[in-house]
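Tertiary structure, described
What follows is the residue order along each chain.
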Amino acid sequence: MAVVYFNPQKLSDAELEELKSSLGKYFVEGSGKGSGVTSLYFVKEGQRKSPTLEDLPLDHVAGDRWIHEELLGLKFRISPHAFFQVNTQAAEVLYSAVGDWAQLNPDSTVLDVCCGTGTIGISLAKNVKKVIGIELCQEAVEDAKVNAQINGLSNVEFRCGKAEDIFPTLINSVVSQSLVAIVDPPRAGLHPKVILAIRRAEHLKRLVYVACNAKAAMNNFIDLCRSPSNRVKGSPFRPVRAMAVDLFPQTMHCELLLLFERVEYNSNGAAAAAAKEPSSHRDPASQTEESGSQRQITVPCQSD
């Protein structure tokens with residue numbers, strides 16, 4: 001899929017239409033035919049009325065309207081503005097680890113925050129009771145709903161809107177003895193309102209965090225783990241497992257997968273989580289897992 005962003009300057013509408021037609025012919029019939037472009041869109045980008053690219057109108061010029069991809073034996077439809085990991089094989093490694101670390105069962109309810117086209121939630125749906133996805137991009141939500149249908153899933157639902165507007169109310173309304181949240185936010189991390197809602201929801205014991213920029217998300221990690229305060233209510237979490245997944249070979253970037261578990265206190269007020277740690281977990285002090293190597297990660301915990 002190729003999306004052409006073009007500033008029309010002083011070109012007339014007729015000239016723009018001629019330009020779009022020539023682009024379509026180039027990629028469908030001309031020299032660009034061998035480029036592998038299966039879907040072509042055109043965006044007239046003049047003076048923006050919104051800072052986000054998603055708000056710019058898309059004109060379909062040639063080819064299919066969507067990309068179709070297979071991941072973990074499932075089929076997905078992807079629109080131009082929808083998020084989908086660019087490295088499918090590495091994404092399968094990432095999402096398989098998410099499912100393993102979440103420790104799901106047939107009674108589990110999964111909250112898939114910043115779900116994009118629904119890839120994570122849909123990949124887990126057959127193993128759980130319910131999946132609820134939250135996503136800001138309307139196109140991605142429409143794709144996610146279609147993806148659930150084409151994969152024959154009826155226990156998945158998706159809600160469109162900002163996570164900070166939907167999540168606090170949603171998590172308080174979900175009644176489940178096995179509630180798991182999986183978050184895959186943009187580079188800046190989750191909105192503070194979402195983190196505070198996670199902390200307050202004491203029935204949420206396990207959180208899987210997929211970070212594409214761990215440094216930018218560090219404030220999220222700190223607020224998840226800091227001691228309770230006037231601002232941050234609820235028992236803290238602690239990082240118990242971490243793994244770097246190389247979705248972007250030959251670059252410095254990678255996805256960081258983190259498992260957080262709620263610290264539970266005994267009758268004396270002492271943290272009892274360490275004694276309950278599953279035997280499959282490594283030393284939570286600092287280890288990350290990576291094929292052929294290990295890196296140390298420090299997640300600071302502090303109080304207000």
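Residues numbered from 1 in each chain as written. Predicted model: local features only at pLDDT ≥ 70, side-chain atom pairs only at ≥ 80, totals over all residues. Heavy atoms only, no water.

1. Some points on the confidence of the model for the protein chain
A residue-level look at the protein chain finds 84% of positions with pLDDT of 70 or above and a mean pLDDT of 87. Confidence drops under a pLDDT of 50 for residues 273–304, and excluding neighbours within four residues, the segment shows 63 contacts in the predicted structure. (pLDDT = per-residue confidence, 0-100. Contact = heavy atoms within 4.5 Å.)

2. As for the side chain of Asp-223
Assignment of secondary structure puts Asp-223 in helix H7 (residues 218–225). Judged by relative accessible area, Asp-223 falls into the buried class, the value being 11%. Look past the residues within four positions of Asp-223 in its chain and what remains in contact with it is Ile-195, Arg-199, Arg-231 and Val-232. (Helix = DSSP H or I, 4+ residues; strand = E, 2+ residues; numbered from the N terminus. Buried < 20%, exposed > 50% of the residue type's maximum accessible area, 1.4 Å probe, protein only.)

3. With respect to the packing of aromatic side chains
Inspection of the entire model under this criterion finds five aromatic pairs. Between Tyr-26 and Phe-27 the ring centres are 5.0 Å apart and the planes differ by 90°, which places this aromatic pair in the edge-to-face class. Where Phe-221 meets Phe-260, the ring centres are 5.8 Å apart and the plane angle is 35°; that geometry is what we call tilted. A residue pair is termed long-range when its members are at least 10 positions apart, and Phe-221 in helix H7 and Phe-260 in strand S12 (residues 255–262) qualify at 39 residues. Note on Phe-221: relative accessible area 0%, which makes it buried. One aromatic cluster in this structure is built from Tyr-209, Phe-221 and Phe-260. (Phe/Tyr/Trp six-rings, centres within 6.5 Å; stacked < 30°, edge-to-face > 60°.)

4. Observations concerning the nonpolar core
Core analysis: the largest hydrophobic core is formed by 40 residues, its most contacted members being Phe-158, Ile-182 and Leu-257. Ile-182 has contacts with Val-98, Val-110, Leu-111, Asp-112, Val-113, Ile-120, Leu-124 and Val-208, leaving out every residue within four places of it along the chain. Ala-181, Val-183, Leu-190 and Ala-217 belong to the second largest nonpolar core, which has 33 residues in total. (Core = buried A, V, L, I, M, F, W, Y, C linked by side-chain atoms within 4.5 Å.)

5. Some thoughts on the pairing of strand S10 (residues 206–211)
Within S10, six of the six residues are buried, leaving the element largely enclosed by the surrounding structure. Across the two faces of S10 the burial is the same, with Arg-206, Val-208 and Val-210 and Leu-207, Tyr-209 and Ala-211 all buried. When strand S9 (residues 179–183) meets S10, the two strands line up parallel, connected through four bridges. Bridge pairing links Ala-181 to Leu-207 in S10. In this region the chain leaves S9, passes through helix H6 (residues 192–200) and returns to the parallel neighbour S10; the handedness of that crossover is right-handed. In terms of strand pairing, S10 meets S12 through six bridges, oriented antiparallel. Bridge pairing in S12 places Ala-211 opposite Leu-256. (Pairing = 2+ DSSP bridges. Right-handed = clockwise from strand over helix to strand, strands pointing away.)

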